[in-house]
Amino acid sequence: MKQFRVAIIEDDTEYSSFLESCLEKYGNEKGFDFNAKIYTKAESFLDDYKKAFDIVFMDVDLGKGFLNGMEAAKKLRRIDDTVLLFFVTNMPQYAPEGYGVDALDYCLKPISYSNLSVKLDKAMRLLEGRTGQPVKVKDKRGTHILSSNDIMYIEVMGHDLMFHTADEIIDSYGGLSERETELAGSNFARCSASVLVNLAYVKGLYGDEIKVGRDMIKIGRSKKKAFLEQLNMYLGG
């Protein structure tokens, strides 16, 4: 089970407990484990910060005389520009300012689990897209451990499988269907009987061909409809 670290900065203990319970419920439903740490003030959160969190829920109003969530977020971005940030607030007028600190979304109070779960779906897609999944590839030299994010496409060449990355081509063996099953859910799609493409590397569509990195690849007639549907879903998502 994949584990993600979450910081909740919220001076209302009822809301912080509610968010923690929502994370537990979502994790049980989706197969994730969330390790949440709660802070009542932004100052203590920033003093303790070690770039160890995947997601931050930041209340905007943290009490008179204390650093507010928006100012805390600006300080956070000087330390960590990649952590996913959600603002928790009952003041939607802060939304435009949040774009300046690259907030992923807003959780408007009162928060419902159904609404929060949709926002968490988006966060999980981003986090999983960053990390990819380990892929074992064997060749004559031994076993390579690749990240799925680094594989541009896999093609069948004779009895071999060719793993194309930005840096090298690894000549391995096995079945393409097995790799397609292994990489299901990782934005890979079959564009022909002999090629499995990482949709993140598709740079253009030209008739019956796609540009993947610097290579032009033919789209198979029998795979074209399903492939284009997957590509459109990926681009729209």
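Look a little higher up for the structure.
A quick note: this is a predicted structure, and the numbers were derived from the prediction, not measured.

Draft legend 1. Structural detail: the pattern of salt bridges. Taken as a whole, this structure holds eleven salt bridges when the rule is applied. Between Asp-105 and Lys-122 there is a salt bridge, and its shortest N-O distance comes to 3.2 Å. Separated by 17 residues along the polypeptide, Asp-105 in strand β5 (residues 105-108) and Lys-122 in helix α5 (residues 113-131) bring together distant segments of the chain. The closest approach of N and O atoms between Arg-179 and Glu-182, which form a salt bridge, is 2.9 Å. You can see Arg-179 and its partner Glu-182 sitting in helix α6 (residues 176-182), three residues apart, about one turn around the helix. Salt bridges sharing partners connect three or more residues here, namely Glu-10, Asp-59 and Lys-109.

Draft legend 2. Seen up close, the environment of Ile-154. Within the secondary structure, Ile-154 is located in strand β8 (residues 151-157). Residues Ile-154 and Ile-170 lie 16 residues apart in sequence; the distance between their C-alpha atoms is 9.5 Å. In this structure Ile-154 touches Leu-161, Met-162, Phe-163, Leu-176, Arg-179, Leu-183, Ser-194, Val-195 and Leu-196, once residues within four positions along its chain are discounted.

Draft legend 3. Fine view of the pairing of strand β10 (residues 169-172). Burial of β10 is one-sided: the residues Ile-170 and Ser-172 facing one way are buried, the residues Ile-169 and Asp-171 facing the other way are not. As paired strands, strand β9 (residues 160-165) and β10 are joined by four bridges and run antiparallel to one another. Paired with Met-162 across the bridge in β10 is Asp-171. Between β9 and β10, which follow one another and run antiparallel, lie three residues.

Draft legend 4. Up close: unusual backbone geometry. Cis peptide bonds are those with omega within 30 degrees of zero, and the linkage from Lys-109 to Pro-110 qualifies with 0°. Within the element layout of this structure, Pro-110 appears in the loop between β5 and α5.

Draft legend 5. Local environment of the sheet that holds β9. Taken in spatial order, the five strands of this open sheet run β10-β9-β8-β12-β11, and their pairing is antiparallel. With partners counted over all chains shown, the strands left at the sheet margins are β10 and β11 (188-192), one partner each. Adjacent strand axes in the sheet meet at a mean angle of 20°, parallel and antiparallel pairs treated alike. Summarising the sheet, β11 and strand β12 (residues 195-198) pair through four bridges and their orientation is antiparallel.

Draft legend 6. Summary view of helix α1 (residues 13-30). Here α1 spans 26 Å end to end across 18 residues, near enough to the 26 Å set by a 1.5 Å rise per residue. The N-cap of α1, judged by a side-chain oxygen 2.9 Å from the amide nitrogen of Glu-14 a few residues on, is Asp-12.

Definitions and cut-offs
Every chain begins its residue count from 1, and numbering advances along the sequence as written. Only residues with pLDDT of 70 or above have their local features reported here, since the model is predicted, and side-chain atom pairs are shown and tallied only from 80 upward, although totals for entire chains, interfaces and linings are computed over all residues. Side-chain calculation: all heavy atoms of the structure are included, whereas hydrogens and water are not. Salt bridges, as used here, are contacts in which a Lys or Arg side-chain nitrogen is within 4 Å of a carboxyl oxygen on Asp or Glu. Elements are defined by DSSP. Helices are runs of H or I of four residues or more, strands are runs of E of two residues or more, and each kind is numbered from the N terminus. Here a residue-residue contact requires only that any non-hydrogen atoms of the pair lie within 4.5 Å. We call a residue buried when its accessible area falls under 20% of the maximum for its residue type, exposed when it is over 50%, and partly exposed in between, using a 1.4 Å probe and counting protein chains only. Between any two strands, at least two bridges found by DSSP are needed for them to pair. Every axis in this analysis is a line fitted to C-alpha atoms, fitted for helices over the stretch in contact. Angles between the N-to-C directions lie between 0 and 180 degrees. Here the expected length of a helix is defined as 1.5 Å per residue gap, with one fewer gap than residues. Here a polar contact means two N or O atoms within 3.5 Å. Within protein one must be a hydrogen donor candidate and the other an acceptor candidate, and residues neighboring in sequence count only if both atoms are side-chain atoms.

Worth remembering: the numbers are spatial, not functional.
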